[in-house]
Amino acid sequence: MITPILYAVLAGLLVGLSRQLNGRLALSGSPLIASFWNHLVGFVALTALGLAIGGLIPAGAATAPWHAYIGGPIGVIFVASGSWLIPRIGAVNTALLVIGGQMVSGVVLDLARGAPSTLWASALGVVLILGGMALTQRRR
(Lines give C-alpha, C1' and ligand atoms only; values in the text may rest on other atoms or scores of the structure.)
Protein backbone atom coordinates (compact mmCIF):
# COMPACT_ATOMS: atom_id res chain seq x y z
CA MET A 1 0.00 0.00 0.00
CA ILE A 2 2.94 2.34 0.57
CA THR A 3 4.01 2.30 -3.11
CA PRO A 4 0.72 3.68 -4.50
CA ILE A 5 0.71 6.35 -1.79
CA LEU A 6 4.24 7.40 -2.71
CA TYR A 7 3.25 7.51 -6.40
CA ALA A 8 0.26 9.72 -5.53
CA VAL A 9 2.43 12.09 -3.49
CA LEU A 10 5.03 12.24 -6.26
CA ALA A 11 2.32 12.91 -8.86
CA GLY A 12 0.92 15.72 -6.70
CA LEU A 13 4.36 17.30 -6.34
CA LEU A 14 4.97 17.09 -10.08
CA VAL A 15 1.56 18.62 -10.86
CA GLY A 16 2.30 21.48 -8.45
CA LEU A 17 5.72 22.02 -10.01
CA SER A 18 4.20 21.97 -13.49
CA ARG A 19 1.60 24.57 -12.52
CA GLN A 20 4.25 26.82 -11.00
CA LEU A 21 6.42 26.56 -14.11
CA ASN A 22 3.44 27.25 -16.37
CA GLY A 23 2.52 30.28 -14.25
CA ARG A 24 6.06 31.64 -14.52
CA LEU A 25 6.13 30.98 -18.24
CA ALA A 26 2.77 32.75 -18.63
CA LEU A 27 4.22 35.83 -16.91
CA SER A 28 7.03 36.07 -19.44
CA GLY A 29 4.82 35.25 -22.42
CA SER A 30 1.17 34.38 -22.46
CA PRO A 31 -0.98 31.57 -21.06
CA LEU A 32 -1.35 30.08 -24.55
CA ILE A 33 2.42 29.94 -25.01
CA ALA A 34 2.76 28.29 -21.58
CA SER A 35 0.07 25.78 -22.57
CA PHE A 36 1.81 25.11 -25.90
CA TRP A 37 5.16 24.34 -24.25
CA ASN A 38 3.49 22.24 -21.56
CA HIS A 39 1.76 20.10 -24.15
CA LEU A 40 4.79 19.89 -26.45
CA VAL A 41 7.10 18.68 -23.67
CA GLY A 42 4.42 16.27 -22.42
CA PHE A 43 3.83 14.91 -25.93
CA VAL A 44 7.54 14.31 -26.54
CA ALA A 45 8.09 12.70 -23.13
CA LEU A 46 5.03 10.45 -23.31
CA THR A 47 5.75 9.46 -26.91
CA ALA A 48 9.29 8.46 -25.97
CA LEU A 49 7.96 6.53 -22.97
CA GLY A 50 5.31 4.83 -25.13
CA LEU A 51 7.90 3.83 -27.72
CA ALA A 52 10.27 2.53 -25.05
CA ILE A 53 7.66 0.54 -23.12
CA GLY A 54 5.38 -0.32 -26.01
CA GLY A 55 1.68 0.10 -26.50
CA LEU A 56 1.89 3.66 -27.81
CA ILE A 57 -1.30 3.22 -29.85
CA PRO A 58 -3.67 0.79 -28.12
CA ALA A 59 -5.81 -1.66 -30.04
CA GLY A 60 -9.19 -0.19 -30.92
CA ALA A 61 -8.04 3.43 -30.87
CA ALA A 62 -9.25 3.99 -34.43
CA THR A 63 -12.73 2.71 -33.62
CA ALA A 64 -13.19 4.76 -30.45
CA PRO A 65 -16.10 7.22 -30.49
CA TRP A 66 -15.30 10.89 -31.16
CA HIS A 67 -16.07 11.93 -27.58
CA ALA A 68 -13.27 9.70 -26.31
CA TYR A 69 -10.84 12.32 -27.65
CA ILE A 70 -12.50 15.43 -26.20
CA GLY A 71 -10.11 15.33 -23.23
CA GLY A 72 -7.29 16.81 -25.33
CA PRO A 73 -8.99 20.13 -26.08
CA ILE A 74 -10.35 20.29 -22.53
CA GLY A 75 -6.79 19.77 -21.25
CA VAL A 76 -5.50 22.64 -23.39
CA ILE A 77 -8.15 24.95 -21.97
CA PHE A 78 -7.44 23.73 -18.43
CA VAL A 79 -3.68 24.27 -18.67
CA ALA A 80 -4.04 27.68 -20.34
CA SER A 81 -6.58 28.87 -17.75
CA GLY A 82 -4.36 27.58 -14.93
CA SER A 83 -1.39 29.42 -16.39
CA TRP A 84 -3.50 32.56 -16.54
CA LEU A 85 -4.87 32.16 -13.00
CA ILE A 86 -1.71 31.33 -11.02
CA PRO A 87 -0.04 34.75 -11.44
CA ARG A 88 -3.34 36.46 -10.57
CA ILE A 89 -4.70 34.53 -7.57
CA GLY A 90 -1.72 32.42 -6.51
CA ALA A 91 -0.90 28.74 -6.65
CA VAL A 92 -2.71 27.75 -3.46
CA ASN A 93 -5.97 29.44 -4.43
CA THR A 94 -5.73 27.97 -7.93
CA ALA A 95 -5.25 24.50 -6.45
CA LEU A 96 -8.25 25.01 -4.14
CA LEU A 97 -10.34 26.16 -7.08
CA VAL A 98 -9.34 23.13 -9.14
CA ILE A 99 -9.95 20.63 -6.33
CA GLY A 100 -13.27 22.22 -5.38
CA GLY A 101 -14.34 22.34 -9.02
CA GLN A 102 -13.46 18.69 -9.55
CA MET A 103 -15.40 17.61 -6.47
CA VAL A 104 -18.49 19.66 -7.29
CA SER A 105 -18.34 18.58 -10.95
CA GLY A 106 -18.15 14.95 -9.83
CA VAL A 107 -21.34 15.34 -7.78
CA VAL A 108 -23.11 17.10 -10.68
CA LEU A 109 -22.02 14.43 -13.19
CA ASP A 110 -23.16 11.65 -10.84
CA LEU A 111 -26.54 13.31 -10.50
CA ALA A 112 -26.79 13.89 -14.28
CA ARG A 113 -26.09 10.27 -15.16
CA GLY A 114 -28.39 8.94 -12.46
CA ALA A 115 -25.73 7.21 -10.37
CA PRO A 116 -27.12 5.89 -7.09
CA SER A 117 -26.31 8.36 -4.35
CA THR A 118 -27.82 10.01 -1.32
CA LEU A 119 -28.99 13.48 -2.32
CA TRP A 120 -28.64 15.04 1.13
CA ALA A 121 -25.09 13.71 1.51
CA SER A 122 -24.07 15.03 -1.91
CA ALA A 123 -25.65 18.41 -1.19
CA LEU A 124 -23.95 18.57 2.21
CA GLY A 125 -20.60 17.74 0.59
CA VAL A 126 -21.00 20.53 -1.96
CA VAL A 127 -21.99 23.00 0.79
CA LEU A 128 -18.96 22.00 2.88
CA ILE A 129 -16.62 22.37 -0.11
CA LEU A 130 -17.97 25.80 -1.00
CA GLY A 131 -17.97 26.85 2.67
CA GLY A 132 -14.35 25.75 3.07
CA MET A 133 -13.34 27.66 -0.02
CA ALA A 134 -15.17 30.76 1.26
CA LEU A 135 -13.38 30.49 4.63
CA THR A 136 -9.98 30.50 2.92
CA GLN A 137 -10.87 33.77 1.21
CA ARG A 138 -11.65 35.67 4.41
CA ARG A 139 -9.29 38.51 5.23
CA ARG A 140 -7.65 38.50 8.66
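Residues numbered from 1 in each chain as written. Predicted model: local features only at pLDDT ≥ 70, side-chain atom pairs only at ≥ 80, totals over all residues. Heavy atoms only, no water.

Give a description of the packing of helix α3 (residues 71-89) against helix α4 (residues 91-112) that names residues and reports values.
The interhelical angle for the contact between α3 and α4, taken along N-to-C directions, is 140°, at an axis separation of 7 Å. One element, α3, and the other, α4, form an angle in the oblique class. Along the contact surface, α3 presents Phe78, Leu85, Ile86 and Ile89, while α4 presents Ala91, Asn93, Thr94, Leu97 and Val98. When the residues that make up the contact of α3 with α4 are grouped by side-chain class, the tally is seven nonpolar, two polar and no charged. (Axes fitted to C-alpha atoms, helices over the stretch in contact; angles between N-to-C directions. Helix = DSSP H or I, 4+ residues; strand = E, 2+ residues; numbered from the N terminus. Parallel < 35°, antiparallel > 145°, perpendicular 65-115°, else oblique. Contact = heavy atoms within 4.5 Å. Nonpolar A, V, L, I, M, F, W, Y, C, P; charged D, E, K, R; others polar.)

Lay out the confidence of the model for the protein chain with the relevant residues and their values.
Scored by pLDDT, the protein chain comes out at a mean of 84, with 99% of its residues at no less than 70. The weakest mean pLDDT in the protein chain belongs to α4 at 82; the strongest belongs to helix α2 (residues 31-53) at 88. (pLDDT = per-residue confidence, 0-100.)

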